[in-house]
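Topology and contacts: notes
Chain residues, written in single-letter form:
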Amino acid sequence: MPPVSFDKISLKDKSIFRGSAYHAIVHAHVSVMMIAWMFLTGVVTVVSRHYRDWLPKKKLFSTKVWFQVHRALAILVALLTYVGFIIMFALYGAEIREGAGVHAYIGLVIVGLVSVQLIAGMLRPNPDNKWRVYFNWGHRILGQLCHVLFKSCINSDSSVTMFLGFGMEHNLEEMKSFGFTVLGIWLAGQIVWHVAYEILSWRVKAAKDDTSSEDDKDKANKTSNILTILMVAYIIFLATLTIAGMVAFLIY
């Protein structure tokens, strides 16, 4: 699509004018979705799997810190997803179906799954309930399915779903190249981080088996400190790539 200037242009005025091929609401859609699915979901997933013993001496509203962080960020992901979904329909209305592609339809599926995940989380059984183990597995699988759907559906160009937004045929080649590079680094980085966390979890479990109960408290504090450092580094990584991804879209 041809870019449209933000301001009215006078051919007599020798000035530099900025513009974009997309409406401001489309920019807002991209921004909230990237914040939700490039940044927040990474933290949500990592916290729920690897941070259950994080800050063992502290409670947040009488509940373990990891759970409060996980729940708050998961709700925020859902809210941002709804905002991104609603504003696009508000912009295009019924006409959105005319230009809808794989990106749009997968987005609808994700919105539905996020809603199911949110309701299921509110209706979760008590820890001692016999159905809790089934809920835990279902909640975990559904959460990973949402994340994977956002990243991995194959289209005619063999691109990853998350790349579909940048891969739309009317996008500029410069935007596609920049966006694909950023998302490729993000995807590879996610794999590296998750492998690193799995290795750390394995080593912590092995260390617990080899130590006495007297050393458990010191080990727990040391592990908590390591997890805090890793979380800060992970957040910086996610934030950097999320901002870069937003810039890749917003500057065009």
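Here's what I pulled together on the structure shown here. (Residues numbered from 1 in each chain as written. Predicted model: local features only at pLDDT ≥ 70, side-chain atom pairs only at ≥ 80, totals over all residues. Heavy atoms only, no water.)

1. Overview of unusual backbone geometry
Spelled out, the test is: Helix and strand definitions here come from DSSP, where helices need a minimum of 4 consecutive H or I residues and strands a minimum of 2 consecutive E residues; each element is numbered from the N-terminal end.
The phi angle at Phe 61 is positive, at roughly 55 degrees, despite the residue not being glycine. By the element assignment, Phe 61 lies in the loop between β3 (59–60) and β4 (63–64). Backbone geometry at Ser 62 places phi at a positive 65 degrees, although glycine is not the residue there. Take Ser 62: it is sitting in the loop between β3 and β4.

2. Brief notes about helix α1 (residues 24–50)
Selection rule: Under the convention used throughout, the expected extent of a helix is 1.5 Å for every residue step, that is, one less than its residue count. What is called the bend at a residue is the angle between a pair of axes, fitted to the seven residues leading up to and ending at it and to the seven starting from it. Partly exposed residues are those whose accessible area sits between 20% and 50% of the maximum for their type, while under 20% is buried and over 50% is exposed, using a 1.4 Å probe and protein chains only.
Taking 1.5 Å of rise per residue, 27 residues should cover 39 Å, and α1 covers 38 Å from first to last C-alpha, within 8% of that figure. Bending of α1 peaks at approximately 40 degrees at the position of Leu 40. Counting buried residues in α1 gives 21 out of 27 residues, a clear majority hidden from the surface.

3. Description of the environment of Arg 132
Mapped onto the fold, Arg 132 is located in helix α4 (residues 132–151). Arg 132 sits in the buried class, given a relative accessible area of 18%.

4. Details of the packing of aromatic side chains
Let me state the cut-off plainly: Here is the rule: rings of Phe, Tyr and Trp (six-membered ring for Trp) pair when centre to centre is within 6.5 Å. Planes less than 30 degrees apart are stacked, more than 60 are edge-to-face, and the remainder are tilted. Charge-over-ring placement is defined geometrically: NZ (Lys) or CZ (Arg) within 6 Å of the ring centre, and within 35 degrees of the ring normal.
Inspection of the entire model under this criterion finds 10 aromatic pairs. Where Trp 193 meets Tyr 197, the ring centres are 6.0 Å apart and the plane angle is 35 degrees; that geometry is what we call tilted. Residue Trp 193 and its partner Tyr 197 are both found in helix α6 (residues 173–210); the two are separated by 4 residues, about one turn of the helix. The exposure classification of Trp 193 matches that of Tyr 197, with both residues buried. Judged by centre distance (5.2 Å) and plane angle (55 degrees), the ring pair of Trp 193 and Tyr 234 falls under tilted. Residue Trp 193 is located in helix α6, and its partner Tyr 234 is located in helix α7 (residues 213–250); the two are separated by 41 residues in the primary sequence. Given the relative accessible area of 0%, Tyr 234 is considered buried. Counting every residue linked through ring pairs, the aromatic cluster contains Tyr 51, Trp 54, Trp 193, Tyr 197, Tyr 234 and Phe 237. Above the face of the Trp 137 ring, Arg 140 is positioned so that its terminal group lies 4.8 Å from the ring centre.

5. Digging into the packing of α1 against helix α2 (residues 65–92)
Selection criterion: To get an axis, fit a line to the C-alpha atoms, keeping to the stretch in contact for a helix; angles then go from 0 to 180 degrees between the N-to-C directions. Oblique is the label for any angle not under 35 degrees, not over 145, and not in the 65 to 115 range, which are roughly parallel, roughly antiparallel and roughly perpendicular in turn. What makes a crossing left-handed is the near helix being turned counterclockwise from the far one by less than a right angle; a clockwise turn instead makes it right-handed. When residue character is reported, Ala, Val, Leu, Ile, Met, Phe, Trp, Tyr, Cys and Pro are called nonpolar, Asp, Glu, Lys and Arg charged, and the others, Gly included, polar.
Two numbers describe how α1 lies on α2: the axes approach to 9 Å, and their chain directions differ by 160 degrees. One element, α1, and the other, α2, form an angle in the roughly antiparallel class. Considering the relative orientation of α1 and α2, their crossing is left-handed. For the contact of α1 with α2, the class distribution of residues is 24 nonpolar, 6 polar and no charged.

6. Section: the nonpolar core
Condition: Among buried residues, the Ala, Val, Leu, Ile, Met, Phe, Trp, Tyr and Cys ones that are joined through side-chain atoms within 4.5 Å form a nonpolar core.
With 44 residues, the main nonpolar core has Trp 37, Tyr 51, Tyr 197 and Tyr 234 as its most contacted residues. Contributions of two or more residues to this core are made by α1, α2, α3 (102–122), α4, α6 and α7. The element best represented in this core is α1, accounting for 13 residues.

7. Focus on the side chain of Thr 81
The criterion, for reference: Under this definition, polar contacts are N or O atom pairs within 3.5 Å; protein pairs additionally need one hydrogen-donor-capable and one acceptor-capable atom, and for neighbouring residues in sequence, both atoms have to be side-chain atoms. Whether two residues are in contact is decided by their heavy atoms: any pair within 4.5 Å suffices.
Along the chain, Thr 81 turns up in helix α2. At 3.1 Å, the side chain of Thr 81 forms a polar contact with the side chain of Trp 37. When neighbours within four sequence positions are excluded, Thr 81 is seen to be in contact with Met 33, Ala 36, Trp 37 and Val 111.

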